[in-house]
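Commentary on secondary and tertiary structure
Residue strings, one per chain:
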Amino acid sequence: MTQTRFADLIAGISIIQDADQLEKYSTDSSGYEAALPSIVVRPVTVEEVVRVVKACAECDLSYTVQGGLTGLAGGARPDSGDVVINMERLNQIEEIDTVGGTAIVQAGVVLESLHEAVAEQGWYFPLDLGARGSCHIGGNVATNAGGNKVFRYGTTRELVLGLEVVLPDGTCLNMLNRVLKNNTGLDLKHLFIGTEGRFGIITRVSLRLFPAPQARHTALVALDGLASVTKLLKQARASLAELASFEVMWDNYMIPAAQACGQAVPFAGQYPIYVLLEVEGAERPSLKDNLNEFLEQSLESGLLQDVIIPQTLDQAAVLWKMRDSSSEVMHAVKPFVAFDIGMPLKDMQAFIEHMLAEIKAQFPHATNQLFGHLGDGNLHLTTGLLQEDELLPVEELVYQICAKYNGNITAEHGIGRIKKPFLHYSRSPEQIALMQTIRQVLNPDNRQNAGRVVD
């Protein structure tokens with residue numbers, strides 16, 4: 001009777017019930033154990049989202065909100081029998097303000113589609129990550145995505161001016177602020193940015209845009225160790241005002257990444273660590289000249305061991321493809337644990353040495369791959385070739401060590417389901433209790449995205 005009533009309440013809204021098609025919506029890119037939803041509902045308007053949420057409340061049905069299913073923390077994986085509300089059809093770019101530099105977009109807009117649309121208008125949205133061709137803006141906001149440009153532009157939080165959100169009781173909050181300054185009381189959008197869909201469904205977003213860079217110049221440099229990388233970072237920040245990206249790859253990541261891309265390993269893989277850096281700005285000779293001069297000085301001083309400077313955009317794209325091949329590299333070492341750690345730079349070397357030594361001592365057969373957005377203290381580690389019963393012990397070990405060095409267990413992927421058991425390594429009991437209190441206020445029946453972040 002409940003299912004019949006629910007079907008009546010959402011009549012006219014696109015649904016999927018065929019078991020074969022439901023499989024697609026049973027988990028995300030984390031590899032978390034799949035669970036089949038009972039139905040997938042795909043609203044095309046905010047009004048339809050409201051109808052679905054109210055129908056779930058009336059019929060006492062739990063539901064999971066999904067975007068592009070690119071998450072790595074299990075947050076989009078439904079519980080068995082859940083209603084899934086997938087935002088893939090709520091995908092319109094409603095407005096691009098070419099005067100003030102803002103955009104109003106629906107939650108299901110694919111990140112790469114937004115890049116292309118604003119570029120046609122001479123503007124630039126700087127959020128960028130490897131899943132750009134699949135991930136949704138709504139999911140980016142819900143997880144406060146980071147990516148390759150955080151160093152210059154900040155996380156997604158810094159790019160959001162306002163939101164439209166449907167609360168678990170069906171109330172629609174239009175907070176689509178279009179200006180940077182707004183001191184009219186509590187900035188409610190921050191209840192929904194980075195909270196992984198626990199407090200409301202993001203339906204539309206007001207975003208900051210930037211004038212499109214006229215030119216980009218990239219370089220891949222080889223160094224002798226992490227100490228040189230941190231020194232290079234400081235000098236690059238002082239010398240290159242247009243520095244936009246500073247991506248670090250250890251040899252244990254670079255070599256398999258090049259092989260996954262069908263490319264020769266840069267520098268024949270003879271150095272322990274590499275940095276892919278990029279400047280972007282106005283098309284003028286000084287942009288490239290400043291980068292080249294900085295690289296020459298760094299080579300002469302001995303800070304750099306070698307440099308590759310792409311001569312074409314295609315050559316630069318090959319280097320970025322290697323950096324963005326983490327999914328292929330990870331899945332080649334299944335079963336694996338993918339870590340996404342935030343760590344003060346001053347403690348990074350000690351943490352890495354301690355962590356790798358412990359993994360080698362306790363799991364000698366495991367392989368490790370290291371890379372990261374080190375300019376913002378974000379380190380990615382993949383530990384693979386494990387046994388299934390070793391996954392949780394490896395996580396516990398790494399997070400214990402992470403806490404000793406004042407790090408956090410996730411810098412950009414979120415908590416979801418996978419990291420929930422380890423949240424206490426980064427948040428105090430008092431902080432967790434406050435999160436639970438806020439959830440109780442906004443999502444008291446715990447129907448929406450249950451089981452994520454905190455219980």
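Refer to the preceding data block for the structure.
Residues numbered from 1 in each chain as written. Predicted model: local features only at pLDDT ≥ 70, side-chain atom pairs only at ≥ 80, totals over all residues. Heavy atoms only, no water.

**Some points on the packing of helix α12 (residues 345-362) against helix α13 (residues 391-404)**
The line we're drawing: All axes here are fitted lines through C-alpha atoms, helices being fitted over the stretch that makes contact, and every angle between N-to-C directions spans 0 to 180 degrees. Secondary structure follows DSSP: runs of H or I at least 4 residues long count as helices, runs of E at least 2 residues long count as strands, and numbering of each begins at the N terminus. If an angle is under 35 degrees, it is roughly parallel; if it is over 145, roughly antiparallel; if it lies from 65 to 115, roughly perpendicular; otherwise it is oblique. Definitions for this section: a left-handed crossing has its near helix turned counterclockwise from the far helix by less than a right angle. A right-handed crossing has that turn clockwise. It only takes one pair of heavy atoms within 4.5 Å for two residues to be counted as in contact.
Look at α12 against α13: their axes get within 10 Å of each other, and the N-to-C directions meet at 155°. By the angle between their axes, α12 is roughly antiparallel relative to α13. As α12 packs across α13, the resulting crossing turns out to be right-handed. Judged by residue contacts, Phe351, His354, Met355, Glu358, Ile359 and Gln362 of α12 engage Leu397, Val398, Ile401 and Cys402 from α13.

**With respect to the pattern of salt bridges**
Applied cut-off: By definition, a salt bridge exists where a carboxyl oxygen of Asp or Glu is found within 4 Å of a side-chain nitrogen of Lys or Arg. Each residue gets one of three labels from its accessible area relative to the maximum for its type: buried under 20%, exposed over 50%, partly exposed in between, using a 1.4 Å probe on protein chains only.
A full pass over the atoms with the stated rule returns 20 salt bridges. A salt bridge links Lys149 to Glu278, with the nearest nitrogen and oxygen atoms 3.0 Å apart. Separated by 129 residues along the polypeptide, Lys149 in the loop between α5 (137-142) and α6 (150-153) and Glu278 in strand β14 (residues 273-281) bring together distant segments of the chain. For Lys149, a relative accessible area of 6% translates into the label buried. Here Glu278 falls in the buried class, since its relative accessible area comes to 6%. Two residues, Glu242 and Arg284, come together in a salt bridge whose shortest N-O distance is 2.6 Å.

**Description of the sheet that holds strand β2 (residues 39-42)**
Applied cut-off: Any two strands with at least two DSSP bridges between them are considered paired.
Judged by pairing direction, the sheet is mixed, and its four strands sit side by side in the order β1-β2-β4-β3 without closing on themselves. A single partner strand is all that each edge strand has here, and the edge strands are β1 (14-16) and β3 (63-66). Adjacent strand axes in the sheet meet at a mean angle of 25°, parallel and antiparallel pairs treated alike. The pairing of β1 with β2 spans three bridges and is antiparallel. Each residue of the ladder has a partner; that of Ile15, found in β2, is Val41. On the sheet, helix α3 (residues 46-59) packs against β2, β3 and β4 (83-86) and is oriented at approximately 165° with respect to β4.

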